[in-house]
Amino acid sequence: MIKVIIFDLDGTLYKSKEIAEKFARAAHYTLSKFKNIPLDDARKLIEEKRQQMEKEYSDSVPQTLILNSFGISTESWHKENIDFFDPRDYLTKDEKLKKSLDGLKKRYRLTVLTNNNKIQTERTLAALGLNALFDRVYTYNSFKLLKPNPEFFQKAVEDLNVEPEACFFIGDRNSVDLEPAKKLGMLTYKVKGPEDIYDLLIE
Ligand SMILES: [Mg+2]
């Protein structure tokens, strides 16, 4: 029996071209700053690496993992993107999603599990009008772990004090969200964005 629904954040609870673009620009800026190279060179290096890594992952690769591959720590990258942009400037309340989650909350515990950092996650959930809905919000800062590392999922399940089989994971990326969740024994559901959650019924 499902007891907990775990949502990915970016690309799942909202979809925004502007924010994806801001994350990409923040990544270029961060590599340029840390390697002391021109911005355009940093952009080329990152995009080359992205193409290379996408072959391994078979879908889009998190910016964090790309920057890690250049020796930039997750902490440094998060600090830079927090300063670079504020998601509240680009997002508005999603009433349809709020209504759907309010309904699900009557039957299930709702949580978030994201590779994003605590500050950007709080800003994003506040802008969407969803900040009071979740029992737990797991970010990189919770355990210093990143998806697709199965340990991140495992730690969350332990903290929630449920079996993985009682969890329903909703995310937008197979290799990062759904495959590790499925391997642990969770049920999974792939979305293209929040519109796939508006009418979600879990039996
Ligand atoms: Mg995502």
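Just so we're clear, the structure is a prediction, and the values are computed from it rather than from any experiment. The numbering scheme is per chain: residues are counted from 1 as the chain's sequence reads. Selection of residues for local features in this predicted model requires a pLDDT of at least 70, selection of side-chain atom pairs for listing and counting requires 80 or more, and totals for whole chains, interfaces and linings are taken over all residues.

This next bit is on the packing of helix α1 (residues 17–35) against helix α2 (residues 39–57). Think of each axis as a best-fit line through the C-alpha atoms, taken over the contacting stretch in the case of a helix, with angles from 0 to 180 degrees between the N-to-C directions. Runs of E in the DSSP output that reach at least two residues are strands. Runs of H or I that reach at least four are helices, and both are numbered from the N terminus. Packing of α1 against α2 brings their axes to within 8 Å, and their N-to-C directions diverge by 115°. Of the possible angle classes, the one that applies to α1 and α2 is roughly perpendicular. As for the relative orientation of α1 and α2, their crossing is right-handed in sense. The residues of α2 that touch α1, namely those facing Ala27, His28, Tyr29, Leu31, Ser32 and Lys35, are Leu39, Ala42, Arg43, Leu45 and Ile46. All amino acids are sorted into three groups, where Ala, Val, Leu, Ile, Met, Phe, Trp, Tyr, Cys and Pro are nonpolar, Asp, Glu, Lys and Arg are charged, and the leftover types, Gly among them, are polar. The class makeup of the residues in the contact of α1 with α2 is seven nonpolar, two polar and two charged. The cut-offs work like this: below 35 degrees is roughly parallel, past 145 is roughly antiparallel, 65 to 115 is roughly perpendicular, and the gaps in between are oblique. What makes a crossing left-handed is the near helix being turned counterclockwise from the far one by less than a right angle; a clockwise turn instead makes it right-handed. For the purpose of contact definition, each residue receives a C-beta atom placed from its backbone, and two residues are in contact when these atoms lie within 7 Å.

Covered by surrounding structure in strand β1 (residues 4–7) are Val4 and Ile6 together with Ile5 and Phe7, the residues of both alternating faces. In this description, strands pair whenever DSSP reports at least two bridges between them. Judged from the four bridges that link them, β1 and strand β2 (residues 109–113) form a sheet pairing that is parallel. Bridged to Ile6 within β2 is Thr111. In this sheet, strand β4 (residues 167–171) lies alongside β1 in parallel orientation, the contact comprising four bridges. For every residue, the other C-beta atoms within 10 Å of its own C-beta are counted; 20 or more classify it as buried, 12 or fewer as exposed, and values in between as partly exposed. C-beta atoms are placed from the backbone.

As a further point, take the environment of Ala132. Its place among the elements puts Ala132 in the loop between α6 (118–128) and β3 (136–138). Along the primary structure Ala132 and Pro164 are separated by 32 residues, whereas in three dimensions their C-alpha atoms are 24 Å apart.

Locating Asp94 in the fold gives a position in the loop between α4 (74–84) and α5 (95–105). Distance from Asp94 to Leu13, taken between C-alpha atoms, is 9.2 Å for residues 81 residues apart in sequence. With sequence-adjacent residues up to four places away left out, Asp94 is seen in contact with Tyr14, Leu128, Gly129 and Pro194.

Further remarks concern α1. A helix is expected to span 1.5 Å multiplied by its residue count minus one. Between its first and last C-alpha, α1 extends 27 Å over 19 residues, near the 27 Å set by a 1.5 Å rise per residue. Turning to α1, its buried residues number three or more, namely Phe23, Ala26, Ala27, Thr30 and Leu31. Down the axis, α1 shows its buried residues gathered within 130° of arc, on one side only. For α1, the exposed residues lying more than 90 degrees away from the buried face are Lys17, Glu18 and Glu21. Where α1 is buried, its residues contact α2, α3 (63–69) and α4. Summarising the geometry, the arc corresponds to the directions from the helix axis toward the C-beta atoms.

This next bit is on the domain arrangement of the protein chain. Just so you know, the domain bounds were taken from an automatic or database domain assignment. Along its sequence, the protein chain is carved into domain 1 (4–15 + 92–196) and domain 2 (17–88). Using only C-alpha atoms to locate each centre, domain 1 and domain 2 end up separated by 22 Å. With 14 residues of domain 1 at the contact, the number on the domain 2 side is 13 residues. Elements supplying a minimum of two residues to the side of domain 1 that touches domain 2: α6 and α9 (174–184). Here the residues of the side of domain 1 that touches domain 2 sort into six nonpolar, six polar and two charged.

Strand order in the open sheet formed by five strands is β3-β2-β1-β4-β5, and the pairing between neighbours is parallel. Looking at the sheet topology across the chains shown, the edges are occupied by β3 and β5 (187–190). Neighbour-to-neighbour, the strand axes of the sheet open up by a mean angle of 20°, direction not taken into account.

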